[in-house]
Each structure stands twice: as structure tokens, then as C-alpha cells.
Amino acid sequence: MQLRYAFRLDPGPRQRVALSRAFGCARVVYNDAVAARERARREGAAYPGATELSKALITRAKTMPERAWLSEVSAVVLQQALRDVERAYTNFFSSLKGARQGARVGAPRFKSKRDARQTIRFTANARWKITEAGRLLLPKIGEVRVKWSRTLPSVPSSVTVIRDAAGRFFASFVVETDPNADLARMPGADDLPSVGIDLGLTHFAVLSDGTKIDSPRFLRRAEKKLKKTQKELSRKQKGSRNREKARLRVARAHAQVVDARREFHHQLSTQLIRENQAVAVEDLAVKGLARSRLGKSVHDAGWASFLAMLEYKAQRYRRAFVKVGRFEPTSQVCSVCGIKDGPKPLHVREWTCTYCGARHDRDHNAAKNVKQAAGLAVTACRAQVRPEPKVPAQREEAGSHGIRSGAVSLCGTAPDRKAGILGS
């Protein structure tokens, strides 16, 4: 399994200039390739291939006075920029044909030097290496100091140098990991429980065992500081050096919020995967919720990135991961008797079942129903929950009204709510 390991870089002044030059050259080649493809599209001609673009935009361009500065950076960086264009167009056409899963991908666009994220990639052909002193040796840039936070499990196959909006530099390594070594770091799954998770705003997550995890609200807590830095930026003259300094302060303030949220997601997702053999969540319509009046709070919670972490960590450590369809009425059904009690406004946090009289906490009841709907309780065929290498989300059933649950039980049959209740 391939993973990315990112580490902070600390380049010197000259190395920062060299990296900026490499970012600019890669961006120019990328934009020239996109322009060539768009020109061919308008003229109705065949799209130029990677070899033709390489000869025209790199080899011959270096001999021209107006493009001679392309020789100042590694040729591998320029070649990888062309590979990025090819991949972008491949994803775009696959998305048009419906062959690519996920959201629709737009046509490749021109890059700008004002983009928040600038990247260059070095493959093995560039002969980069990690020196014995622990520095990253990059061609035509030099030995860059790296702030190592952990040891790489194997020799990286490539490295991507990233500069974010806050002016920070990172090195992202692609590393092949050993599945057996990954499993050795986790406890055995046979004796671990299963858990259903209900995500929310007041509490970030409520588990089926009754545990409630408060929402950190990193953006809300930092709003006062962000407002102050943004106001200072708006008062600076455009194009001045003071405005650039103020822009960096705004970007660094936002970066602190993003880093804190990502760290919270990583710690919580790792804890849930470590302590449970199977995890069930609801397939939320995050994009739709983000367009509502609660949009800022939804973005602050970062549900989509958290669920993505849970999914890949479950695959890595061979835990079961199930997504329940968003049309499953988890907040309307009594987890004790299984009777659907009807929709309830958001301000109703507790309710009593009219059939059996059970008193429910809204979020805790929903988490238990998520676990039941995913088949992680005792299922109709009395199958025990076993960790699988990967349990894919049933995306094709997520929008089905005929079958309210968008998940299947681990024994291969539809989950029977009554059998699950009698067996629990």
C-alpha cells in the first residue's frame, strides 16, 4: 500500500529563490501544454502527445532566448509538469464518459503564480536523495534541511515539494508500506467491539456506546483573530510590501486552524480504528448541508475529510468500514422496538417512543440505529462481525428510496432490524 509522508522543510534564502524559480518554470510549461491542447481543440486538430509537447515546450524552448531560463531548473520537474497535464485531461475525459467514480472533474485550467499552492515533483530520474546528515538533496537546489518527525518505513519512490499560501515548504514522499508491519501496530480485532457513529455540530461525534465527543470549533474560536488580520490586510495598499506581509499573516492564521482541525481528525480516526473491529457511519450529503444556513459550522467540522481518514485507515489496518445510506431514518426510529416515530425538528434533542415508552437522546439513538442499519449488531443470519480487508461503501444504493438502508450486513443479506433487536 502506498502512502504519503509529509515533512516540513527549512530552505535557506538562496534555496527559496531556487525553489521559486522551479515553481515558475513548471507552471509555465504546464500552462504552455494546456494552451497547446486548447489551440488544437479550437482548430479541430489532433491533440499533441506527450512526446511532441516535450520536444516543443522543453527541448526546443530551451534554445530560444525568451525561454532560455528553463535550463536553470531540473528537466525532470518540467517533464512532470507535462505528466500532470496528461493526467488532468485523462481525468476530465473519464469524468465526461462516466468512467471515473466520484464528483465531476472540470477541464484543466491555467495556473497562476498567485495560487495558494505551488508544487514540483522529483522522481528517481532526478537523482535526488536523502543525505547521511538527514538533508534532502535536490538537483539545482541543494541540500535542504528537513524537520523529521518520524522515520520513513522504506525508500521513497518520489518526492513532491510544496509551498502553501502561508509561505511554508513541505516535502511529501511516496512510500510503499508493509501491510504486516502496519497490522503489528494495531491490536487484534477478534475481541474488539463494533461502533456506530452519528456526526453532528453540537457534538462532533456521538458513538453507539454513549460516548460524546465535543466539537472543537477551531474556526469559530479563531474568528476574532482572523477578523483582525483580515481588517489589517484590507487597509494596506495593493501591490505594497506591507500588504504582502499582511497577506502572509492572514494565511498563517488560517493555516493554524487547518492544521489543528487535521490533527484532531487524525487522532480521533486512529483511536476509533484502534479500538473497534468495525465502524459504521452515515453517508452525509456534506455539499448540500454546506449550502444551508449552517454552512460555516459544517465547513468548520470537516466531516468529509474525517470520513476519508476513517475509510483509508480501515483499509490499511483491515477493519470493517460501512456507510449507511443517507435516507435511512436513523433519527426517527426507536432503537429499542424499531418503530418509526416520524421526523423531528432539530431543536428536539430528546424524545420518548410512543410505542414502547423508551426515552432517547436523539444523537445516541441515531448512532445505535446506524450500527443496526449497517448490520454490525447481531444480524439475521447470526454471523459474527469479522474484520475484512475492505468493505466498500454501497454508493449505488445511497440514493435509493426503495431500500432505505444504503448498506448491507457483513453476512451478505439485508439487515433485519427486528432480528438485530432480539439478538442484542
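Residues numbered from 1 in each chain as written. Predicted model: local features only at pLDDT ≥ 70, side-chain atom pairs only at ≥ 80, totals over all residues. Heavy atoms only, no water.

## A few points about the nonpolar core
General note: in soluble globular proteins, nonpolar side chains tend to be found buried as a group. Membership of the largest hydrophobic core comes to 45 residues, with the highest contact counts inside it found for I120, F122, L136, L138 and F173. Beyond its immediate stretch of four places on either side in the chain, L138 contacts F122, W128, V144, V159 and V161. (Core = buried A, V, L, I, M, F, W, Y, C linked by side-chain atoms within 4.5 Å. Buried < 20%, exposed > 50% of the residue type's maximum accessible area, 1.4 Å probe, protein only. Contact = heavy atoms within 4.5 Å.)

## Re empty space enclosed by the protein
For the structure on display, the rule yields three cavities of 30 Å³ or more. When its volume is computed, the largest cavity comes out at roughly 50 Å³. Every residue along the wall of the largest cavity is listed here: A18, R21, A22, E72, V73, S74, V77, F122, P139, K140 and I141. Per-class residue counts for the lining of the largest cavity are seven nonpolar, one polar and three charged. (1 Å grid on protein atoms, 1.4 Å probe; cavity = no way out; pocket = protein on both sides within 12 Å on 5 of 7 lines; lining within 4 Å. Points joined across faces, edges and corners; volume = space filled by probe spheres on them. Nonpolar A, V, L, I, M, F, W, Y, C, P; charged D, E, K, R; others polar.)

## Side note on the pattern of salt bridges
Scanning the model with the defined rule gives 19 salt bridges in all. The partner of R37 in a salt bridge is E86, and the shortest N-O contact between them spans 3.3 Å. Here the residue R37 occupies a position in helix 1 (residues 13-43), and E86 occupies one in helix 3 (residues 75-97), the gap between them amounting to 49 residues. You can call R37 buried: its relative accessible area is 6%. Judged by relative accessible area, which is 23%, E86 ranks as partly exposed. For R168, the salt bridge goes to D259, with nearest N and O atoms at 2.8 Å. (Salt bridge = Lys/Arg side-chain N within 4 Å of Asp/Glu carboxyl O. Helix = DSSP H or I, 4+ residues; strand = E, 2+ residues; numbered from the N terminus.)

## Quick word on the environment of S305
Within the fold, S305 resides in helix 9 (residues 303-316). Residue classification places S305 among the partly exposed residues on the basis of a relative accessible area of 34%. Expressed as a C-alpha distance, the spacing of S305 and R262, which sit 43 residues apart in the sequence, is 8.3 Å.

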